[in-house]
Amino acid sequence: MTVWHLVVSLTLVLVAVLVQTTIFRAVRPFDVSPDILLLMVIACGQWLKPEAAVLLGFVGGLMLDLFGTAPLGLHALAYTLAAYATVRVGDRFNYGLYFAVSAVGGITFVGIATVALIGTLFGEGTLASPGIVRTLVLVPAYNTVLALAVLPMTTWLYGTRLAPRYSRPGTPI
């Protein structure tokens, strides 16, 4: 991993925060929008060292908390956990696009469920909201579909334009 990996990742996360807080506040198919930031944290996190990936999740979530109305730290904690889950299954992203896309859906579900659970503990009443089931089903579905485009893009960006992927011990580059 080089400094460029981190710079590109932070830039992509910043763009994802801006897109999520502007465009996807208004565009909400079935009253639920995809979590572009979480998708970008997962897509970039697979290319970073574990510490940098978790830091990227924290910074991305904190930026979303600063731009949003949620309690400060809510998304930061959830996205940090999602980045950690990405690190844990990151070497399995090499198994192919279909596994990677399904991993994105699962990690997105874990991230969204964490936001809902911690939001409820902070008094947001997230689990009691009428659309929680729709959110827990549609956001991972949206991110899974969007991952079909985002994962190849990040593979092209990190794999051919930047230095080789960070190799965890025991995994091939």
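Described below are features of the structure shown in this document. Not measured: the values here are computed from a predicted model.

1. Quick notes on the nonpolar core
Okay, so step 1: Within the largest apolar cluster, 42 residues are counted, with the highest numbers of intra-cluster contacts made by Leu 12, Val 13, Leu 37, Met 40, Phe 93, Val 104 and Leu 151.
Okay, so step 2: Mapped onto this core, the elements with two or more residues apiece are helix H1 (3-26), helix H2 (36-45), helix H3 (50-67), helix H4 (74-89), helix H5 (97-121) and helix H6 (132-161).
Okay, so step 3: Element by element, the count of residues in this core is highest for H2, at 9 residues.

2. Thoughts on the pattern of salt bridges
Okay, so step 1: Overall, the coordinates contain 1 salt bridge when judged by the stated rule.
Okay, so step 2: Put simply, Arg 28 and Asp 31 hold a salt bridge, and the shortest N to O gap is 3.7 Å.
Okay, so step 3: Overall, the relative accessible area of 46% leaves Asp 31 in the partly exposed class.

3. Quick look at the packing of H1 against H3
Okay, so step 1: As a packed pair, H1 and H3 sit with axes 10 Å apart at the nearest point and diverge in direction by 30°. Classified by the interaxial angle, the pair formed by H1 and H3 is roughly parallel. In this structure, H1 meets H3 at a crossing whose hand is right-handed. Here H1 contributes Leu 6, Ser 9, Leu 10, Val 13, Leu 14, Val 17, Gln 20, Thr 21 and Arg 25 to the contact with H3, which in turn contributes Ala 52, Leu 56, Val 59, Gly 60, Met 63, Leu 64 and Phe 67.
Okay, so step 2: Taken together, the residues of the contact of H1 with H3 sort by class into 11 nonpolar, 4 polar and 1 charged.

4. Some thoughts on a nonpolar patch on the surface
Okay, so step 1: Among the surface-exposed residues, Val 3, Trp 4 and Val 7 lie close enough to one another that they form a single nonpolar patch of about 340 Å² accessible area.
Okay, so step 2: Mapped onto the fold, Val 3 is located in helix H1.

5. A look at the environment of Leu 138
Okay, so step 1: Inspection of the secondary structure puts Leu 138 in helix H6.
Okay, so step 2: Each C-alpha atom, one on Leu 138 and one on Met 63, is 23 Å from the other, the two residues being 75 residues apart in sequence.
Okay, so step 3: Setting aside its immediate chain neighbours within four residues, Leu 138 contacts Phe 30 and Val 32.

Analysis parameters
- Residues numbered from 1 in each chain as written.
- Predicted model: local features only at pLDDT ≥ 70, side-chain atom pairs only at ≥ 80, totals over all residues.
- Heavy atoms only, no water.
- Core = buried A, V, L, I, M, F, W, Y, C linked by side-chain atoms within 4.5 Å.
- Buried < 20%, exposed > 50% of the residue type's maximum accessible area, 1.4 Å probe, protein only.
- Helix = DSSP H or I, 4+ residues; strand = E, 2+ residues; numbered from the N terminus.
- Salt bridge = Lys/Arg side-chain N within 4 Å of Asp/Glu carboxyl O.
- Axes fitted to C-alpha atoms, helices over the stretch in contact; angles between N-to-C directions.
- Parallel < 35°, antiparallel > 145°, perpendicular 65-115°, else oblique.
- Left-handed = near helix turned anticlockwise from the far one by under 90°.
- Contact = heavy atoms within 4.5 Å.
- Nonpolar A, V, L, I, M, F, W, Y, C, P; charged D, E, K, R; others polar.
- Patch = residues over 30% accessible without salt bridge, like charges linked within 9 Å, V, L, I, M, F, W, Y side chains within 5 Å.
- Areas by Shrake-Rupley, 256 points an atom, 1.4 Å probe, with all protein chains shown as cover.

Everything listed here is a matter of geometry and, on its own, says nothing about what the molecule does.
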